[in-house]
Amino acid sequence: MYAILDIETTGGKYNEEGITEIAIHKFDGHKVVDTFISLVNPEKDIKPFVVNLTGINNKMLRTAPKFHEVAKRIVEITQDAVIVAHNAQFDYRILRTEFRRLGYNYQRKTLCTVDLSKTLLPDAESYSLGKLVRSLGIPVTDRHRANGDALATIKLFQLLLAKDSEKIIIQDVIRKEAHGELSEKQLDIVQSMPNETGVFYMHNKDGDIVYLRRSTDIKKRVNQLFTKSGDRSRKLVKETKKVTFERTGSELVAVLKEHQELLKNKPKYNSSPKKRMFSHTLCSSTNESGYIELRAVPLSDCKELNSVFNGVFSAKNHLHKITKEYKLCDKLNGMSEARKNCAAYDTNECNGACIQKEVPETYNLRVEEALAKYTLKGKDVLLIDKGRKIGENSVILIKKGSLVGLGYYDLNHQINNMPILETLITPMNGTANANFIIESYLRKKKVSKIIELNSTN
C-alpha cells in the first residue's frame, strides 16, 4: 500500500517551515482507496514568494485546522503504507518535523518518484514534476497546490510501476536501510544543531573525530548526512555517536578552520586535502611596445606568481573580470585576435592600448592596480567579518601577505592596539594553500571590511 502525498509550506529557514496544505491519496497499486486533503494553519506567516507560487495566503489559513488537529488523520491514512512523493526526502522531513513538535516520533518508509524516474526514464530532459509530467503527456491542474501535484504524482507513479517490468527496481529504491529516517538519538542531535555558519565534528564512541565539515547551515547539513544513501554514508552514520560544532559567524573563517583542522585531525571519512590546491596563475610580461600583457598559464610556465587559481577556467574568468573592471585591453590580454584595435575600444571599454592610443605608463599602472586588488602579496591587513553573535566581529590577521591567525573582538580599540589584537588571535599556519583559500574567497565574495594595518596604529 502506498500513501502518495504532496505538501505545501510557508518557506523560510530549514526545519522552521510550516505546512500550509497537505494532500494524501492512499493507493493500492491500482486505485485510490482513501483520500485526505486539507489546508493547514501553520501559525506563522507565509513567505511572499510562496504566496506568488501557490496562491495560498495568510487570510486563507486563518480558519484552517492547525497541524495537531489533522495529525491523527495523517497517521491513520499513512499507516502500513510507503510514502510516495516527488522529492520524498523534503515532504517526509517536513512531516517528521511537525510530528516531533508534538512529541511524536513519526516513521514511515519512503519512495521518491524523482529517484524512480531517473532509473526508469533515463532520457528525460528534466525531473522537475511539472516538466516531467508534461513531457509524458500527463495532464496537471492546480500546479503548486498540494492536491494538484499529488494527483500528477499518482499518474506518474502508475506509469513508473508499469515500466518496472522486472518488478525489482521499486524494491531497490524503497529505503530498506531506513534512508530518510532518523533514530530518536539522531533526531536529538539534529535538533541540537544551529541553523548557523560554522564547522561541525562527528565523533565515534571514543570521541575521535571521524568527519568534519564547514557549512552555512550546520543543522541542515548534519540532517542531510544522516539521511544520505550510499555505503560510506551509512558507515559514517553508524559510527557517529556524537556531533559537536563551533559557530564562526563568518563563512571565510569556517573555510579556514575546516582546512586547518582537516590537516590536523585527518578524519577517516574526509578526503585528504590536496598538497597544492592551485595550479594556474596570471602571468605578466612586457611586450616590445612597453605594455604589460597578462595570460592565464600553469604555475610552471611563470616565474613570478600573481593571483593563483585551481584551474585554467577560473584564471581566465578572473582575467576577463579585471580586464573589464579596469578597462584593460582584450587584445593585450590575449582575449582578442583583432589585427588593429580590439572591439572593446569601439565601445569605450578599452582606452586604446591595443593601438598605442594610451601611453604604456598609464595603462601599466592600472594593470598593477588590478593585480594588487585581488592578491594578499606583501600586504599587512585585517579582514573584518561577521562574528558569532550580535556586537561581535571576526578578524583575520594578514602580515607580509601571509595568514597569521584569526579571532573575535567586541570593541574597536581591541583591533586598534596590536598587542591586544595579538592576544585575541588564534595562530594559524600561513601556508600557500591558506592564502589561496582567502584570495579565492575574496574574488567571489566580500567580507565586512578590509583595514590596512598601518591605519590601525
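Small disclaimer: the values here were computed from a predicted structure and weren't measured. (Residues numbered from 1 in each chain as written. Predicted model: local features only at pLDDT ≥ 70, side-chain atom pairs only at ≥ 80, totals over all residues. Heavy atoms only, no water.)

Draft legend 1. Region of the structure containing the sheet that holds strand 11 (residues 308-309). The strand order across the open sheet built from 3 strands is 10-9-11, with neighbouring strands paired in antiparallel fashion. Each end of this open sheet is capped by a strand with a single partner; those strands are strand 10 (292-298) and strand 11. Sheet contacts for helix 15 (residues 360-373): strand 9 (280-286) and strand 10; angle to strand 10, the most-contacted strand, approximately 35°. (Pairing = 2+ DSSP bridges. Helix = DSSP H or I, 4+ residues; strand = E, 2+ residues; numbered from the N terminus. Contact = heavy atoms within 4.5 Å. Axes fitted to C-alpha atoms, helices over the stretch in contact; angles between N-to-C directions.)

Draft legend 2. Representation of the packing of aromatic side chains. Evaluation of the coordinates by the stated rule reveals 8 aromatic pairs. Judged by centre distance (4.9 Å) and plane angle (75°), the ring pair of Tyr2 and Phe157 falls under edge-to-face. With Tyr2 in strand 1 (residues 2-9) and Phe157 in helix 7 (residues 146-163), this residue pair connects regions lying 155 residues apart in the sequence. By relative accessible area, which is 0% here, Phe157 ends up buried. Ring centres of Phe200 and Tyr211 lie 6.4 Å apart, and the angle between their planes is 40°; this geometry places the pair in the tilted category. Remark: Tyr211 occurs in strand 7 (residues 209-215) and Phe200 occurs in strand 6 (residues 198-203); sequence separation between them is 11 residues. (Phe/Tyr/Trp six-rings, centres within 6.5 Å; stacked < 30°, edge-to-face > 60°. Buried < 20%, exposed > 50% of the residue type's maximum accessible area, 1.4 Å probe, protein only.)

Draft legend 3. Quick look at the packing of helix 9 (residues 184-192) against helix 10 (residues 218-226). Closest axis-to-axis distance for the helix 9/helix 10 pair is 8 Å, and the angle between their directions is 160°. Comparing the axis directions of helix 9 and helix 10 gives the class roughly antiparallel. Once helix 9 is placed against helix 10, the crossing between them reads as right-handed. Contact residues: Gln186, Ile189, Val190 and Gln191 in helix 9; Lys219, Val222, Asn223 and Phe226 in helix 10. Classifying every residue of the contact of helix 9 with helix 10 gives 4 nonpolar, 3 polar and 1 charged. (Parallel < 35°, antiparallel > 145°, perpendicular 65-115°, else oblique. Left-handed = near helix turned anticlockwise from the far one by under 90°. Nonpolar A, V, L, I, M, F, W, Y, C, P; charged D, E, K, R; others polar.)

Draft legend 4. Structural context of the state of the cysteines. For the structure shown, the criterion picks out 1 disulfide. Sulfur-sulfur distance for the disulfide between Cys283 and Cys302 comes to 2.1 Å. Between Cys283 and Cys302 the disulfide shows an S-S torsion of about 90°. By sign, it is right-handed. Taken together, the residues span a long stretch of sequence, with Cys283 in strand 9 and Cys302 in the loop between strand 10 and strand 11 at a distance of 19 residues. Lacking any disulfide linkage, Cys350 is separated from the closest cysteine sulfur, that of Cys342, by 3.8 Å. When its relative accessible area of 2% is taken as the criterion, Cys350 is described as buried. (Disulfide = S-S within 2.5 Å.)

Draft legend 5. Structural view of the environment of Leu111. Here Leu111 shows up in strand 5 (residues 110-112). The exposure class of Leu111 is buried, given its relative accessible area of 0%. Each C-alpha atom, one on Leu111 and one on Ala88, is 6.5 Å from the other, the two residues being 23 residues apart in sequence.

Draft legend 6. Expanded view of the packing of helix 3 (residues 67-78) against helix 4 (residues 88-101). In contact at an axis separation of 11 Å, helix 3 and helix 4 are set at 120° when each is read in the N-to-C sense. Relative to helix 4, helix 3 is oriented oblique. The crossing of helix 3 and helix 4 is left-handed. Contact residues: helix 3 offers Phe67, Ala71, Ile74 and Val75, while helix 4 offers Leu95, Glu98 and Phe99. When the residues that make up the contact of helix 3 with helix 4 are grouped by side-chain class, the tally is 6 nonpolar, no polar and 1 charged.

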